[in-house]
Amino acid sequence: MRCTRCRGQEACLEVRRHNAAFCEDCFLAFFRDQVTRAIEHHKMFRRDEPVLVAVSGGKDSLALWDVLLDLGYDATGFYIGLGIPGYSEPSREKCEAFAARRHARLIVTDLEADYGLGIAETARRTMRTPCSACGLSKRYLFNKVAQEHGFRVIATGHNLDDEAATLFGNVLRWQTGYLGRQAPVLAEEDGFIRKVKPLYRLAEREMAAYCVLRGIDYIVDECPMSKGAKSLLFKDVLNQLEAVSPGTKQAFLFGFLEKVQPLFAQHEAVTLRPCTQCGQPTTAELCAFCRLRAEVAQPKRRRGRRGPQRAAPSPDGVTGPPAPALAES
Ligand code: Q46
Ligand code: ZN
């Protein structure tokens, strides 16, 4: 099959939702175009604005960092060591190797060393699931560390598959608070920096293809804590639909963003104030992260036979029952 863009080279990757197939060069051009389109259409950040890029060592975040650097943006990586045995160490090494290769700046924070809150241990000592403690901690550190280093915007590597799966999960349970906050850009407000998702137009398999073509060495293994996550099931269901009807995921997500999300966004109104302990914005006296730290410092609680009870949003915003309508800050 010939590349549908240049019509000269042999195609190496089919993108069925666009009814297209690309050769290597044209695929990379397509990838950059989609990222540029997302950034410009949603006014995510300006050309001259420093951007902090949350990196995990996986394909999405390293592809994001790479494409932003390639497009000429001032992109600094931000890695959070989660304290997950056998996973955190190699993922950090991938980020450091990428930074060294691209002569890019990488900021590293370690939950265990800096806060005494490694995810595995925190999950053991509290009633939370690992992903709940992880998502809460990451959201907190994204904001805090970005502000400490003078950034006003943080970019994450959420792709089309992630966003469609999150939407699916939130629609199934009509999590209206989360639906109101699911957007490619969350504007700066009351102590929260801007959060953007420049990859939301690109699918997961396109991330892997991009990394292979660009020679990016990423951690292939999924986080061991992700086993059994509902978001994986939702992705699987959506992939089955996509296989039968290409473009379903994109139509589902883009239709929501265009026609429905603004309706939910209007209904959200929360009052924020500084956490009395750390100063980060929160709806309560103490922010969720400071409460988590206090909880970890307490002696171990006894768990029920069925394990952790507190279901809370995973970092992608998909929740298990029961969950609050709004993410705590
Ligand atoms: S890193 Fe953290 Fe994910 Fe691992 S512990 Fe769960 S949330 S699965 S993106
Ligand atoms: Zn706090």
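The rules we used
Residues numbered from 1 in each chain as written. Chains lettered and ligands numbered in written order. Predicted model: local features only at pLDDT ≥ 70, side-chain atom pairs only at ≥ 80, totals over all residues. Heavy atoms only, no water. Helix = DSSP H or I, 4+ residues; strand = E, 2+ residues; numbered from the N terminus. Contact = heavy atoms within 4.5 Å. Patch = residues over 30% accessible without salt bridge, like charges linked within 9 Å, V, L, I, M, F, W, Y side chains within 5 Å. Areas by Shrake-Rupley, 256 points an atom, 1.4 Å probe, with all protein chains shown as cover. Salt bridge = Lys/Arg side-chain N within 4 Å of Asp/Glu carboxyl O. Buried < 20%, exposed > 50% of the residue type's maximum accessible area, 1.4 Å probe, protein only. Pairing = 2+ DSSP bridges. Right-handed = clockwise from strand over helix to strand, strands pointing away. Donors = N, O, S within 2.8 Å, 3.2 Å for Na, K, Ca; no water. Tetrahedral: all angles 85-135°; square planar, octahedral: opposite > 155°, others 65-115°.

*Asks:* I'd like a description of the side chain of E163, backed by residues and values.
*Replies:* For E163, the position within the fold is in helix α7 (residues 160-172). If sequence neighbours within four positions are ignored, E163 has contacts with H158, Q182, K197, Y200 and L253.

*Asks:* Run through a nonpolar patch on the surface, naming residues and quoting values.
*Replies:* A contiguous nonpolar patch, built from L233, V237 and L241 and spanning about 240 Å² of accessible area, is present on the exposed surface. Note on placement: V237 falls in helix α10 (residues 230-244). For V237, a relative accessible area of 31% puts it in the partly exposed group.

*Asks:* Give me the lowdown on the pairing of strand β3 (residues 51-55), citing residues and values where you can.
*Replies:* Of all the 5 residues making up β3, 5 are buried; the element is thus mostly covered by neighbouring parts of the structure. Burial along β3 is two-sided: V51, V53 and V55 facing one way and L52 and A54 facing the other are all buried. Pairing of β3 with strand β4 (residues 75-81) involves 5 bridges; the strand directions are parallel. Its bridge partner lying in β4, V51 is registered against A75. A crossover connection joins β3 to the parallel β4 through helix α2 (residues 59-70); in handedness this β-α-β unit is right-handed. Pairing geometry for β3 and strand β6 (residues 153-155), over 2 bridges, is parallel. Bridging from a neighbouring strand, L52 pairs with I154 of β6.

*Asks:* Can you explain unusual backbone geometry? Please cite residues and give values.
*Replies:* With the exception of glycine, the majority of residues adopt a negative phi angle, and the majority of peptide bonds are in the trans configuration. Phi angles above zero are rare outside glycine, and K43 is one such case at about 50°. As for its position among the elements, K43 is in the loop between α1 (24-41) and β3. Here K43 falls in the exposed class, since its relative accessible area comes to 67%. One non-glycine residue, H103, lies in the positive phi region at around 50°. By secondary structure assignment, the location of H103 is in the loop between α3 (88-102) and β5 (106-110). For H103, a relative accessible area of 75% gives the class exposed.

*Asks:* So what's going on with the environment of L213? Residues and values would help.
*Replies:* Tracing the backbone through its elements, the reader meets L213 in helix α9 (residues 204-214). With relative accessibility at 29%, the residue L213 sits in the partly exposed group. Once residues within four sequence positions are removed from consideration, L213 is found in contact with E24, F27 and L28.

*Asks:* Break down the coordination of the zinc ion (ligand 2) for me, citing the residues and quoting the values.
*Replies:* For the zinc ion (ligand 2), the full set of protein donor atoms is C275 (SG), C278 (SG), C287 (SG) and C290 (SG), and the range of their distances to it is 2.2 to 2.4 Å. Viewed at the metal, the 4 donor atoms of the zinc ion (ligand 2) are separated by angles of 105 to 114°, and the geometry they form is tetrahedral. Residue C275 is classed as buried on the basis of its relative accessible area, which comes to 4%. Residue classification places C278 among the partly exposed positions, given a relative accessible area of 28%.

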